[in-house]
Amino acid sequence: MSAEFIKILKKYWGYDSFRPLQLEIIESIYNNIDTLALMPTGGGKSITFQVPALAKEGCCLVITPLIALMKDQVENLRERGICAEALYSGMSFKDQEQAINNIIYGGGKFLYISPERLLTRNFMSYLDYINISMLAVDEAHCISQWGYDFRPSYLRIIELREKFPKVPILALTATATPSVVKDIQKKLGFSKKNVFKKSFERKNLIYRVRFSENKDADLLSLVNCCKGSMIVYVRSRRRCVEISNYLTIKGIKSTYYHAGLSPQKREEAQALWMSNKVRLVVATNAFGMGIDKPDVRLVIHLDIPDNIESYFQEAGRAGRDEKKSFAVLIYNNTDIKNLKKRISDNYPPKDLIRKCYESVCNYFQLAVGTGEGQIFPFDLIDFCDKFKFNAIQAYSSLKILQSCGYIELTDELNNSSKLTFTMDRDDLYRFRIQNQEVNDIILFLLRNYTGIFTTYSRINEKEIARKLNITPKEVYDILVDLSKRKIVSYIPRKKTPYLIFTTVRHPKSYLKIKKEVYSKRKELFKRKIDYIISYATSEHECRSIFLIKYFGQKDIKKCGECDVCRLKNKGLDESSLLYLKLEKDKIQYNSFGEIGEKKDKC
Ligand code: ADP
Ligand code: MG
């Protein structure tokens, strides 16, 4: 069979051979065995489900967390002449239907879907008509509460498995510690353990750490040495813009990317950078997942991330083409202090969590024993103002209350406008006849959003405007007017998230904050922070070994190129390292100097 797989690889991707472990993974899943593939970022995970899916009959369902990532992959497959579709929230009913039809009747090979959409009744009803060949779960670490990016909706993938017990699962991830590896297989209901793990060693990637009291200047000198494509990661959206402006003033063209930008702005920034029109992007951690740019030569972190997983993944975006590249972490003592503060920011004292619960109930004027199922638009800042909370701690408290099952806080992004009709059919019919000017829009709503007559449907004003040839503002005005006249109930898209009470209001003293969602997670969070701080501050272990050890891999050789190895290679023993600490700046600058000497390589 392997010849067949190579043929497919050559035909659609033009590659001659598989990378290490790809073929083994492909064979395993092709033989319908549940498989977990662990490969570092850039290792080539996508091919491991795409090739067997093309060799099998039917359609491969791909579960992946981010819409941007989905769109990218779908486009990428289409460019290769492969029929692929994506379903995500915000798509109109019509577009969804067309996508599904393409899969069912058009021989579609890949259907990408976000985990939240997967288990909607609407989608489940389509599933019976799709011949599912296999299930690919990308970024599979999201299923584990022990991972660094837990997404509760991933836990429900198992329900799909129960519905289609014969469909094999291929889970993919770039970062998983031994406990996460176990957890993924358990939560996905693997029939037996089956893990393929590619070494996390990235021989072409050189890790460096630099202590710096003047980050901006150090950043500039680093950036100036590098001719290739670069990413600079910073922690906050504000810093993201500031650093990008700073670099621009210094004559280095850059763009920036963070989750607070409009989708259009984000796409623009990404496109500029992907096409090499701009070499440098300053970004928050919102940037990167699934971005496949092979020739990134330098990834700089100007702040220390929360954990090794994130660092490894972000740094790993350098050098996907396996050519020499650098990952540099620049830090100082303020970073360490801030990082430690994040523990109490993310896990405030239990009393404060309880107080926050009580206040939020009061904010919405819910009496004890009432409120179950109620939804409110929620303005965190206003709430914090009124009840004198620190916004970060309040947000964390609400998230913990969510994990405890008392409330749900929806993300900003998922908030499309919602609408339902409140008038009965006969009255509506009369109303339409008497109000011809709004008849078009009412008809459009009824035809394009099934169920809208009885329950809220997500609507898209822009799309309605386009179809009816009016402006989105006009659509908005009409809908507000219809709402005032009690024809519809219209909840316009809001920047603020919604807060949903999933249970009745409990008396404060009855609130249960379980160990699993609080003390255990807090401890884990703290351990992760301690580990990454020791990565930054340690001066005795090869950076590559330090990072990879974290993922449970032993037997790796020293890289010989990181700042620690370089210092050691110069014949310095431990005691002189201590002395060198004083002169650290100078010495480490020299080790960067190499980037400067070989400008063309970087
Ligand atoms: P991952 O998901 O593991 O981060 P991707 O699947 O995005 O990685 O692949 C990274 C890059 O490697 C892509 O550009 C992909 O086309 C390329 N690639 C994957 N497999 C091979 C191969 N066998 N030969 C050459 N390039 C490959
Ligand atoms: Mg990937």
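Refer to the structure presented above.
Residues numbered from 1 in each chain as written. Chains lettered and ligands numbered in written order. Predicted model: local features only at pLDDT ≥ 70, side-chain atom pairs only at ≥ 80, totals over all residues. Heavy atoms only, no water.

Q: What am I meant to see in the packing of aromatic side chains here?
A: We describe a pair of aromatic rings using the distance from one ring centre to the other and the angle between the two ring planes. Scanning all chains against the criterion turns up 30 aromatic pairs. Each ring, one from Phe383 and one from Phe387, has its centre 5.4 Å from the other, and the planes form 35°; the classification is tilted. With a gap of four residues between them, Phe383 and Phe387 both fall in helix α16 (residues 380–387), about one helical turn apart. Accessibility expressed as a relative area gives 0% for Phe383, which makes it buried. Ring plane angle 20° and centroid distance 5.5 Å describe the contact between Phe383 and Phe389, whose orientation is recorded as stacked. Here the two residues Phe383 and Phe389 agree in accessibility, since each one is buried. Among the aromatic residues, those joined into a ring-pair cluster are Phe200, Tyr311, Phe312, Tyr531, Tyr535, Phe546, Tyr550 and Phe551. One cation-aromatic arrangement involves Arg425 over Phe453; the distance from NZ or CZ to the ring centre is 4.1 Å. (Phe/Tyr/Trp six-rings, centres within 6.5 Å; stacked < 30°, edge-to-face > 60°. Helix = DSSP H or I, 4+ residues; strand = E, 2+ residues; numbered from the N terminus. Buried < 20%, exposed > 50% of the residue type's maximum accessible area, 1.4 Å probe, protein only. Lys NZ or Arg CZ within 6 Å of the ring centre and 35° of its normal.)

Q: For this particular structure, what's the right way to read the site of ligand 1?
A: The environment of ligand 1 is made up of 15 residues, and the closest members are Tyr15, Gln22, Gly42, Lys45 and Ser46. At a separation of 2.9 Å, a nitrogen atom of ligand 1 approaches a polar side-chain atom of Gln22. Arg320 is positioned with one of its side-chain polar atoms (N or O) 3.0 Å from an oxygen atom of ligand 1. When the free accessible area of ligand 1 is taken as 570 Å², the share hidden by the protein chains comes to 83%. Counting residues per element, the shell around ligand 1 draws most heavily on helix α3 (residues 45–55), at three residues. Taken together, the residues of the shell around ligand 1 break down into four nonpolar, seven polar and four charged. (Near = heavy atom within 4 Å. Polar contact = N/O pair within 3.5 Å; in protein donor to acceptor, adjacent residues only side chain to side chain. Areas by Shrake-Rupley, 256 points an atom, 1.4 Å probe, with all protein chains shown as cover. Nonpolar A, V, L, I, M, F, W, Y, C, P; charged D, E, K, R; others polar.)

Q: Teacher, can you tell me more about the layout of surface pockets here?
A: It is the rolling of a water-molecule-sized probe over the atoms that shows where space remains empty. If you add up the space inside the second largest pocket, you get close to 220 Å³. Lining the second largest pocket are 14 residues; nearest its centre among them are Lys198, Glu201, Arg202, Lys203 and Glu322. In terms of residue class, the lining of the second largest pocket is made up of one nonpolar, six polar and seven charged. Taken domain by domain, the makeup of the lining of the second largest pocket includes at least three residues from each of domain 1 (2–197) and domain 2 (205–338 + 522–595). (1 Å grid on protein atoms, 1.4 Å probe; cavity = no way out; pocket = protein on both sides within 12 Å on 5 of 7 lines; lining within 4 Å. Points joined across faces, edges and corners; volume = space filled by probe spheres on them. Domains from an automatic or database assignment.)

Q: Help me understand the side chain of Gln393 in this model?
A: Counting through the fold element by element, Gln393 comes out in helix α17 (residues 391–403). Judged by its relative accessible area of 17%, Gln393 falls in the buried class.

Q: Sorry, what's going on with a negative patch on the surface here?
A: Among the surface-exposed residues, Glu75, Glu79, Glu267 and Glu268 lie close enough to one another that they form a single negatively charged patch. Put simply, the parts of the chain that give the negative patch at least two residues each are α4 (67–79) and α12 (263–274). (Patch = residues over 30% accessible without salt bridge, like charges linked within 9 Å, V, L, I, M, F, W, Y side chains within 5 Å. Salt bridge = Lys/Arg side-chain N within 4 Å of Asp/Glu carboxyl O. Lys, Arg positive; Asp, Glu negative; His and termini not counted. Charge placed at Lys NZ, Arg CZ, Asp CG, Glu CD.)

Q: Quick question: what am I supposed to make of unusual backbone geometry here?
A: Of all residues except glycine, most have a negative phi; of all peptide bonds, most are trans. Positive phi is not limited to glycine here, since Leu21 has a value of about 80°. Assignment of secondary structure puts Leu21 in the loop between α1 (2–13) and α2 (22–30). Leu21 gets classed as buried once you look at its relative accessible area, which sits at 19%.

Q: What am I meant to see in the pairing of strand β1 (residues 35–38) here?
A: In the case of a regular strand, side chains alternate between the two sheet surfaces. Of the two faces of β1, the one holding Thr35 and Ala37 and the one holding Leu36 and Leu38 are both buried throughout. Relative to strand β6 (residues 169–173), β1 runs parallel, the two sharing four bridges. Pairing of Leu36 across the sheet is with Ala171, part of β6. Looking at chain direction, β1 and strand β7 (residues 195–197) are connected through three bridges and run parallel. For Leu38, the partnering residue across the bridge sits in β7 and is Lys197. (Pairing = 2+ DSSP bridges.)

Q: What should I look at first to understand the pattern of salt bridges in this one?
A: Side chains bearing opposite charge may pair, as long as their charged atoms lie close to each other. Across all of its chains, the model carries 26 salt bridges by this definition. Salt-bridge contacts for Arg235 lead to Asp306; the nearest nitrogen and oxygen are separated by 2.4 Å. Of the two residues, Arg235 is situated in the loop between β9 (229–233) and α11 (237–249) and Asp306 in the loop between β12 (296–301) and α13 (308–315); the sequence distance between them amounts to 71 residues. One salt bridge connects Asp481 with Arg485, and the closest N-O pair in it is separated by 2.9 Å. By relative accessible area, which is 31% here, Asp481 ends up partly exposed. In the salt-bridge network here, residues are joined through shared partners; they are Lys215, Asp303 and Asp335.

Q: Hey, could you run me through the sheet that holds β1 in this one?
A: The pairing of strands in a sheet comes from backbone hydrogen bonds and takes either a parallel or an antiparallel form. Across the sheet, which stays open at both edges, the seven strands sit in the order β3-β4-β2-β5-β6-β1-β7 with parallel pairing between neighbours. The open sheet has two free edges, formed respectively by β3 (84–87) and β7, since each of these has just one partner strand. Each adjacent strand pair in this sheet contributes to an overall mean axis angle of 20°, direction not counted. Direction of pairing for strand β5 (residues 132–137) relative to β6: parallel, over a ladder of three bridges. By the bridge assignment, Leu135 is partnered in β6 with Ile169. Here helix α5 (residues 93–105) sits on the sheet and contacts β2 (59–63), β3 and β4 (110–113); the angle it forms with β3, its principal contact strand, is near 145°. This element, helix α9 (residues 178–187), spans β1, β6 and β7 of the sheet and lies at about 150° to β1. (Axes fitted to C-alpha atoms, helices over the stretch in contact; angles between N-to-C directions. Contact = heavy atoms within 4.5 Å.)

Q: How should I be thinking about the environment of Thr422 in this particular structure?
A: Its place among the elements puts Thr422 in the loop between β16 (417–421) and α18 (425–434). When the C-alpha positions of Thr422 and Thr454 are compared, they lie 8.0 Å apart, and in sequence the two are 32 residues distant. A polar atom in the side chain of Thr422 sits 3.0 Å from the backbone oxygen of Lys486.

Q: What is the right way to look at the side chain of Thr35 in this model?
A: Secondary-structure assignment places Thr35 in strand β1. A distance of 2.7 Å separates the side chain of Thr35 from the side chain of Ser28, its partner in a polar contact. Polar side-chain contacts of Thr35 include one of 2.7 Å to the backbone oxygen of Ile33. Other than its neighbours up to four places away in sequence, Thr35 contacts Ile25, Ser28, Ile29, Ile169, Leu170, Ala171, Phe190, Asn194 and Phe196.

Q: Before we go on, may I ask you to explain helix α21 (residues 472–484) in this structure?
A: Given 3.6 residues per turn, any residue in an α-helix points the same way as the ones three and four places further on. An ideal rise of 1.5 Å per residue puts 18 Å on 13 residues; α21 measures up with 18 Å between its terminal C-alpha atoms. Listing the buried residues of α21 in full gives Val475, Leu479 and Leu482. Here the buried residues of α21 occupy an arc of 60° about the axis, which is enough to place them on one side. α21 presents Lys473 and Lys484 as exposed residues on the side facing more than 90 degrees away from its buried surface. Looking at the buried positions of α21, the neighbouring elements they touch are β16, α18, α19 (436–448), β17 (457–459), α20 (461–468) and β18 (488–491). (Expected span 1.5 Å × (residues − 1). Arc of directions from axis to C-beta.)

Q: Would you mind going over the packing of α13 against helix α23 (residues 543–550) with me for this structure?
A: When two helices pack together, their arrangement is given by the angle between the helix axes and the distance between those axes. Close contact between α13 and α23 brings their axes to 10 Å; oriented N to C, the two are set at 120°. When the interaxial angle is binned, α13 and α23 end up oblique. In the packing of α13 onto α23, the handedness of the crossing is left-handed. Here Ile308, Glu309, Tyr311 and Phe312 of α13 come into contact with α23, specifically with Leu547, Ile548 and Tyr550. Of the residues assigned to the contact of α13 with α23, the class counts are six nonpolar, no polar and one charged. (Parallel < 35°, antiparallel > 145°, perpendicular 65-115°, else oblique. Left-handed = near helix turned anticlockwise from the far one by under 90°.)

Read these as spatial facts, not as claims about activity.
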